[in-house]
Amino acid sequence: MFQELLGKMPKKHAVAGKYSKNFFDKKGNLKNIKQLKFWPVDEVLHEKYHFATEDAEEVADFVTPCLDFDPTDRATGLECLRSDWLLQEDGNEDRGR
């Protein structure tokens, strides 16, 4: 669930969708899930998928802007292509690039 990774969805986005009433109340809270455990992307990558801490932080720094709830704040494809993480040349070919 995105809200566990990114925090609470802004109300204006939660209530704006065609099917939002199926999932969110008028205040933008989830209807059927009362408690979420916030678990940031870097911690998920490290704890669940056993990424090294530094790698998890670097991947999270790349991915998190791509997942922003607000499309106007979300990273564009061009911004992603220009990210430091993709532009690194450290000789390690096994980094998902």
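Look up a bit, the structure's there.
Caption draft 1: Structural view of the overall build of the protein. Each helix and strand counted, the protein has 7 helices and 0 strands in total. Across the protein, helices and strands are ordered from the amino to the carboxyl terminus as α-α-α-α-α-α-α. Whereas a compact globule of 97 residues would reach a radius of gyration of roughly 13 Å, the protein reaches 16 Å, over 25% beyond that. Considering only C-alpha atoms, the protein reaches an extent of 50 × 30 × 15 Å along its principal axes. As displayed, the protein offers around 7500 Å² of accessible surface, 54% of which is attributable to carbon and sulfur atoms. On the protein, the mean spot of the 15 positive side-chain charges and the mean spot of the 19 negative ones are 19 Å from each other.

Caption draft 2: Broad picture of the pattern of salt bridges. Tallying each qualifying case throughout the model produces 1 salt bridge. Across the salt bridge formed by Asp70 and Lys12, the nearest N and O atoms sit 3.9 Å from each other. On the criterion of sequence distance, the pair formed by Asp70 in the loop between helix H5 (53-63) and helix H6 (77-81) and Lys12 in helix H2 (residues 11-14) is long-range, its members being 58 residues apart. The class for Asp70 is buried, based on a relative accessible area of 13%. The class for Lys12 is exposed, based on a relative accessible area of 57%.

Caption draft 3: Local environment of the state of the cysteines. Under the criterion given, the structure shown has 0 disulfides. Cys66 carries a free sulfur, and the closest cysteine sulfur to it, the one in Cys80, is 3.2 Å from it.

Caption draft 4: Structural view of H5. When H5 is considered as a whole, its buried residues turn out to be Ala56, Glu58, Val59, Ala60 and Phe62. Check the buried side of H5 and you find it contacts helix H4 (41-47), H6 and helix H7 (84-87).

Caption draft 5: Expanded view of the nonpolar core. Core analysis: the largest hydrophobic core is formed by 8 residues, namely Val41, Leu45, Ala56, Val59, Ala60, Phe62, Cys80 and Trp85. Looking at this core, the elements with two or more residues in it are H4 and H5. With 4 residues, H5 is the single largest residue contributor to this core.

Caption draft 6: Representation of the packing of aromatic side chains. One pass over the structure, following the stated rule, counts 1 aromatic pair. Look at Phe62 and Trp85: their rings are 5.1 Å apart centre to centre, the planes differ by 35°, and that puts the pair in the tilted class. One end of the pair, Phe62, is in helix H5; the other, Trp85, is in helix H7, and 23 residues separate them in sequence. In this pair, the class of Phe62 matches that of Trp85, namely buried. A cation sits over an aromatic face here: Lys37 above Trp39, 4.6 Å from the ring centre.

Basis of the calculations
Residues numbered from 1 in each chain as written. Predicted model: local features only at pLDDT ≥ 70, side-chain atom pairs only at ≥ 80, totals over all residues. Heavy atoms only, no water. Helix = DSSP H or I, 4+ residues; strand = E, 2+ residues; numbered from the N terminus. Rg over C-alpha atoms; globule rule 2.2 N^0.38 Å. Areas by Shrake-Rupley, 256 points an atom, 1.4 Å probe, with all protein chains shown as cover. Lys, Arg positive; Asp, Glu negative; His and termini not counted. Charge placed at Lys NZ, Arg CZ, Asp CG, Glu CD. Salt bridge = Lys/Arg side-chain N within 4 Å of Asp/Glu carboxyl O. Buried < 20%, exposed > 50% of the residue type's maximum accessible area, 1.4 Å probe, protein only. Disulfide = S-S within 2.5 Å. Contact = heavy atoms within 4.5 Å. Core = buried A, V, L, I, M, F, W, Y, C linked by side-chain atoms within 4.5 Å. Phe/Tyr/Trp six-rings, centres within 6.5 Å; stacked < 30°, edge-to-face > 60°. Lys NZ or Arg CZ within 6 Å of the ring centre and 35° of its normal.

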